[in-house]
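# Summary of structural features
Here's the letter readout for the chains.
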Amino acid sequence: MSWYEYESAAERKAAVQRKIEKRRKRGEHFEAFDSPKGTKLTSSFWGQAWCRHLENYCGYENRLPKGRTYLRQGNVYNFSTDGGKVSAEVAGSDLYTVEISLAPLPPAAWKKIKDECAGKVGSLLDLLSGKLGDHVMKIVTDPLTGLFPRRQEIRHGCSCPDFADLCKHQAAVLYAIGVRFDQDPKTFFELRGVDPSELIAVSATALTGPGGAEADELAGEDLSALFGIDFAAPDPRPVPTTAAAPPAQKGSSKKTVAKKALATPAKQGKGRHPGPS
Ligand SMILES: [Zn+2]
């Protein structure tokens, strides 16, 4: 990078920070995503498995490293999830809105996973903390039949002018999802539209017969201590409100995400989201 380019990049960055401060002063919620400071981006089973899964998507390899850097540099703001949707704002040359959606796991696929894992997951605590035997681990991480979305089941869009299938802002948010799984692994199951306790209920039924009472007892065990989250209490994560649809602003950042094909189901199969890698 030449000195001129370096200087203009620094100026753009400072301008974006001023924009953020201005919005904060207007009372807008603007929270930086808490990205890890250590050498490892993710440390839990679900967080690491998510990142590995992303890195196996064909065609993502060139953009993902830049996304990791963006995340580590603290450029992701207002990260929120709502059902199968994730939204965030990412600071780059401007502030951009990223939206990602995951299709729900098809009921037949979920049933197959539950059948195959029956009796093999000890408790919800084991499941969420990734204490799983090789057999279950293989089932849930299978790239085609496991819990992780196939490439055509994940859609993403960004309001930036980069027309690449995956820009660095989207890549940063994809990695932020993995970090969120470290903090709250239940989010993974929410994004896929399935209830993880069903996996335990099926297992408990197989182990102890109908009723699965054992599963209920195990379900709440030590989860708060492990993840710092009270699973019995209302979801403490920020409720997505303005982050998903920030008020329209002047300037280039107000282009809608739809422009970059947050592909609707009707648009799928048009080549933006080719088949599984
Ligand atoms: Zn972008």
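Description of the structure in this document. Computed from a prediction, not measured in an experiment: that's the story for all the values here.

Here we come to the packing of helix 2 (residues 45-55) against helix 6 (residues 134-141). Between helix 2 and helix 6, the least distance of the axes is 12 Å, while the angle of their chain directions is 45°. It follows from the interaxial angle that helix 2 and helix 6 lie oblique. Between helix 2 and helix 6 lies a crossing of right-handed hand. Mapping the contact onto sequence places Phe-45, Trp-46 and Ala-49 in helix 2 and Met-137, Val-140 and Thr-141 in helix 6. Residues of the contact of helix 2 with helix 6, tallied by class, amount to 5 nonpolar, 1 polar and no charged.

A few words on the packing of helix 4 (residues 107-117) against helix 6. Packing of helix 4 against helix 6 brings their axes to within 10 Å, and their N-to-C directions diverge by 175°. Of the possible angle classes, the one that applies to helix 4 and helix 6 is roughly antiparallel. Each of Ile-113, Glu-116 and Cys-117 in helix 4 lies in contact with helix 6, whose residues at this interface are His-135, Val-136 and Ile-139.

Attention now goes to the coordination of the zinc ion. Here the zinc ion is held by Cys-158 (SG), Cys-160 (SG), Cys-167 (SG) and His-169 (ND1), and the distances to it run 2.2 to 2.3 Å. For the zinc ion, the 4 donor atoms in the first shell make angles of 103 to 116° at the metal, a pattern classed as tetrahedral. Coordination of the zinc ion draws on donor residues from a single chain, spaced C-x1-C-x6-C-x1-H in sequence. Of the two residues, Cys-158 and Cys-160, both sit in the buried class.

Bringing the sheet that holds strand 1 (residues 76-82) into the picture now. The strand order across the open sheet built from 4 strands is 1-2-3-4, with neighbouring strands paired in antiparallel fashion. Looking at strand neighbours, the two that pair on one side only are strand 1 and strand 4 (154-158), the edges of this open sheet. The average angle at which neighbouring strand axes cross in this sheet is 10°, direction not considered. Where strand 3 (residues 95-102) and strand 4 come together, 5 bridges link them in antiparallel fashion. Looking across to strand 4, one finds that Ser-101 is bridged to Arg-155. Sheet strands in contact with helix 7 (residues 168-183) are strand 1, strand 2 (85-91), strand 3 and strand 4, and its direction is about 55° off that of strand 3.

In total, this model carries 11 aromatic pairs according to the counting rule given. Ring plane angle 55° and centroid distance 4.9 Å describe the contact between Phe-33 and Phe-79, whose orientation is recorded as tilted. Placement of Phe-33 in the loop between helix 1 (3-25) and helix 2 and of Phe-79 in strand 1 is noted, with a sequence separation of 46 residues between them. Looking at Phe-79, the relative accessible area reads 5%, which means it is buried. Consider the rings of Tyr-57 and Tyr-60, whose centres lie 5.1 Å apart with planes at 65°: the pair is edge-to-face. Residue class for Tyr-57 comes out buried when judged on its relative accessible area of 3%. For Tyr-60, a relative accessible area of 1% corresponds to the buried category. Through successive ring pairs, a cluster of aromatic residues spans Phe-45, Trp-46, Trp-50, Phe-148, Phe-181, Phe-188 and Phe-189. Seen from the ring of Tyr-175, Arg-68 lies directly overhead, with NZ or CZ sitting 5.0 Å from the centre.

A word on helix 7. For helix 7, built from 16 residues, the straight-helix expectation of 22 Å at 1.5 Å per residue is met to within 8% by its first-to-last C-alpha distance of 23 Å. In terms of burial, helix 7 is a largely internal element, 14 of the 16 residues being buried.

Let us look at the side chain of His-156. By secondary structure assignment, the location of His-156 is in strand 4. Within the local environment of His-156, its side chain forms a polar contact with the side chain of Tyr-60, the two groups lying 2.6 Å apart. Of note is the side chain of His-156, whose polar atom sits 2.4 Å from the side chain of Gln-170.

Conventions used here
- Residues numbered from 1 in each chain as written.
- Predicted model: local features only at pLDDT ≥ 70, side-chain atom pairs only at ≥ 80, totals over all residues.
- Heavy atoms only, no water.
- Axes fitted to C-alpha atoms, helices over the stretch in contact; angles between N-to-C directions.
- Helix = DSSP H or I, 4+ residues; strand = E, 2+ residues; numbered from the N terminus.
- Parallel < 35°, antiparallel > 145°, perpendicular 65-115°, else oblique.
- Left-handed = near helix turned anticlockwise from the far one by under 90°.
- Contact = heavy atoms within 4.5 Å.
- Nonpolar A, V, L, I, M, F, W, Y, C, P; charged D, E, K, R; others polar.
- Donors = N, O, S within 2.8 Å, 3.2 Å for Na, K, Ca; no water.
- Tetrahedral: all angles 85-135°; square planar, octahedral: opposite > 155°, others 65-115°.
- Buried < 20%, exposed > 50% of the residue type's maximum accessible area, 1.4 Å probe, protein only.
- Pairing = 2+ DSSP bridges.
- Phe/Tyr/Trp six-rings, centres within 6.5 Å; stacked < 30°, edge-to-face > 60°.
- Lys NZ or Arg CZ within 6 Å of the ring centre and 35° of its normal.
- Expected span 1.5 Å × (residues − 1).
- Polar contact = N/O pair within 3.5 Å; in protein donor to acceptor, adjacent residues only side chain to side chain.

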